[in-house]
Amino acid sequence: MESDLTKRRPSLVPDSLPNLPAGWTPTIPSVKENEYDDVDDETSSKRYPPSLLPYLPSITDYETKPHMIIKKFQLNNQSTSSMALTYGICVLNTDAEEIIVCDHYNNRLLMFDSNTDGHLLEVFRGDLVSPECVTTRPNHPQQIYITKAHSLSLYDLEKKQFIQQLGIEESGHANNRFNLPGGIVVDSENGEIYMCDTWNHRICVFSPDFRYVNRRWYLTRWEQPQYKVKPNFLAINRNNQCVVTCDDAPTYRGAVYVFDKMGYIKKIYDHEPRRKYPNIEAKLYVPHGILLDDEGNWLTACYSDSESSWVENRFESDEHERINYGKNKQLTGPSALAIKRDQTLIVGDRDESTIYFFKTITQQ
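Just so you know, these numbers come straight off a predicted model, no measurement behind them. (Residues numbered from 1 in each chain as written. Predicted model: local features only at pLDDT ≥ 70, side-chain atom pairs only at ≥ 80, totals over all residues. Heavy atoms only, no water.)

**Quick look at the overall build of the protein**
Argument step 1. Scanning the protein for helices and strands turns up one helix and 29 strands.
Argument step 2. The 364 residues of the protein split such that 55% are buried.
Argument step 3. Total accessible area on the protein stands at roughly 16900 Å², and carbon and sulfur atoms take up 47% of it. (Helix = DSSP H or I, 4+ residues; strand = E, 2+ residues; numbered from the N terminus. Buried < 20%, exposed > 50% of the residue type's maximum accessible area, 1.4 Å probe, protein only. Areas by Shrake-Rupley, 256 points an atom, 1.4 Å probe, with all protein chains shown as cover.)

This is the structure:
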């Protein structure tokens with residue numbers, strides 16, 4: 001049975017809208033999914049197949065000292081600039097694996113090199129008010145999804161323009177209205193978009209053309225539906241798992257919820273010592289970015305933890321798992337997480353407005 005933690009709602013009740021013909025349904029312009037089908041072989045060979053994360057190394061496998069840091073930068077001969085609160089980060093699915101960073105208070109997106117010295121490649125402005133999070137669109141290496149203000153948008157990096165948007169400047173609670181949405185991820189197998197509608201305390205799922213998919217679930221504390229929690233970031237894998245970081249600070253320090261992709265709760269990792277299914281005790285202080293591999297291992301960055309920058313869960317067998325805690329003195333407010341194909345870990349420090357790159361010990 002579905003728990004009170006994840007109550008879903010129908011997207012539209014037929015014939016329930018006033019002053020409209022019976023049977024009317026809203027229409028949304030579709031986004032072409034095959035616009036790259038006719039590209040030549042040379043171009044397509046440089047595109048990498050979309051993939052989720054097959055394997056996530058343990059945090060103990062990484063160097064404690066970053067091999068590259070991005071804090072100050074400049075484009076061409078312009079004056080030196082910096083970020084004002086680093087929010088979401090994603091790695092483009094291209095040969096060069098450029099990274100896109102949400103420069104939140106400067107109302108822009110930044111593209112950086114990730115292979116040599118981390119220099120600035122491009123700045124994207126326009127209608128980019130307070131960008132929160134970004135993620136790549138499968139099979140379209142130059143297109144990204146963005147959450148910003150109270151909307152979800154599809155953006156073309158080459159054309160520097162929006163292709164489609166869902167939501168408006170005002171917050172709301174309807175199927176196509178949001179309240180400061182945050183984390184976002186795309187299922188590369190079917191193109192479905194999973195989004196944290198943070199201040200509506202829910203997860204929303206959409207099809208690639210932004211039509212509402214009849215799946216959304218609300219987050220509350222376990223067996224305490226009167227206490228809502230805010231979803232921050234999320235990740236999915238190929239094994240029907242969706243992990244969500246959430247909190248309601250200062251009254252609720254934070255948790256990692258594990259759902260299936262239909263929104264049914266599977267496990268809860270939080271401070272409560274309830275040693276019974278589906279609860280597992282884990283000391284989490286405002287967890288933000290999270291990575292999840294196909295084996296169910298996850299790693300999250302704790303934004304407000306002076307003791308543990310990292311918390312990870314490792315499955316040693318089908319019946320045994322272990323919570324590990326790690327501290328990195330250079331990180332003061334770790335928030336966003338991303339990972340490259342060579343397993344280089346990228347961390348966005350929101351308080352320091354800095355990007356850190358950590359290589360595995362074997363890479364070094």
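**With respect to the environment of Tyr227**
Argument step 1. On the secondary structure map, Tyr227 appears in strand S17 (residues 224–228).
Argument step 2. Its relative accessible area of 39% is what places Tyr227 among the partly exposed residues.
Argument step 3. The residues contacting Tyr227, other than those within four sequence positions of it, are Thr220 and Arg221. (Contact = heavy atoms within 4.5 Å.)

**Considerations on the pairing of strand S15 (residues 212–218)**
Argument step 1. Here S15 lies mainly inside the structure; six of its seven residues are buried.
Argument step 2. Of the pairings in the sheet, the one linking strand S14 (residues 202–206) to S15 comprises four bridges and is antiparallel in character. Note on S15: the bridge partner recorded for Cys204 is Arg216. (Pairing = 2+ DSSP bridges.)

**Notes on the nonpolar core**
Argument step 1. One finds Tyr145, Leu152, Ile193, Phe206, Tyr269 and Trp298 to be the most contacted residues of the largest nonpolar core, which totals 28 residues.
Argument step 2. Those residues within four positions of Ile193 in sequence are excluded, and the remaining contacts are Tyr145, Leu152, Ile184, Val185, Val186, Cys204, Val205, Phe206, Ser207, Pro208 and Phe210.
Argument step 3. Residues Trp217, Leu234, Cys246 and Ala255 belong to the second largest nonpolar core, which totals 22 residues. (Core = buried A, V, L, I, M, F, W, Y, C linked by side-chain atoms within 4.5 Å.)

**A few points about the packing of aromatic side chains**
Argument step 1. Under the criterion given, the structure shown has ten aromatic pairs.
Argument step 2. Seen from their ring centres, Tyr155 and Phe162 are 4.9 Å apart, and the 70° between their planes marks the pair as edge-to-face.
Argument step 3. Look at Phe162 and you get partly exposed, because its relative accessible area is 25%.
Argument step 4. Taking 6.1 Å as the distance between ring centres and 75° as the angle between the ring planes, the aromatic pair formed by Tyr257 and Phe259 counts as edge-to-face.
Argument step 5. Of the residues examined, Tyr257 reaches a relative accessible area of 0% and is grouped as buried. (Phe/Tyr/Trp six-rings, centres within 6.5 Å; stacked < 30°, edge-to-face > 60°.)

**Quick look at the sheet that holds strand S7 (residues 120–124)**
Argument step 1. The sheet built from four strands is open, its strands ordered S4-S5-S6-S7 with antiparallel pairing. Each edge of the open sheet is held by one strand with a lone partner, namely strand S4 (86–91) and S7. On average, adjacent strands in this sheet sit at an angle of 20° to one another, irrespective of strand direction.
Argument step 2. Bridge count for strand S5 (residues 99–103) against strand S6 (residues 108–112) is five bridges, and the pairing is antiparallel. Residue pairing in the sheet places Val101 in a bridge with Leu110 of S6. (Axes fitted to C-alpha atoms, helices over the stretch in contact; angles between N-to-C directions.)

**Quick notes on the side chain of Arg108**
Argument step 1. Along the chain, Arg108 falls in strand S6.
Argument step 2. At a separation of 3.0 Å, a polar atom in the side chain of Arg108 contacts the side chain of Ser81.
Argument step 3. Side-chain polar atoms of Arg108 contact the backbone oxygen of Ser82, separated by 3.1 Å.
Argument step 4. Discounting chain neighbours no more than four positions away, the residues touching Arg108 are Phe73, Ser81, Ser82, Val101, Cys102, Asp103, Val123, Phe124, Arg125, Leu128 and Pro131. (Polar contact = N/O pair within 3.5 Å; in protein donor to acceptor, adjacent residues only side chain to side chain.)

**With respect to the confidence of the model for the protein**
Argument step 1. Summary statistics for the protein give a mean pLDDT of 84 and a share of 85% for residues scoring 70 or more.
Argument step 2. Confidence over residues 1–20 falls short of pLDDT 50; this stretch has 44 contacts with residues more than four positions distant or in other chains.
Argument step 3. Counting interchain partners and residues more than four positions distant, the pLDDT-below-50 stretch residues 23–30 has 13 contacts. (pLDDT = per-residue confidence, 0-100.)

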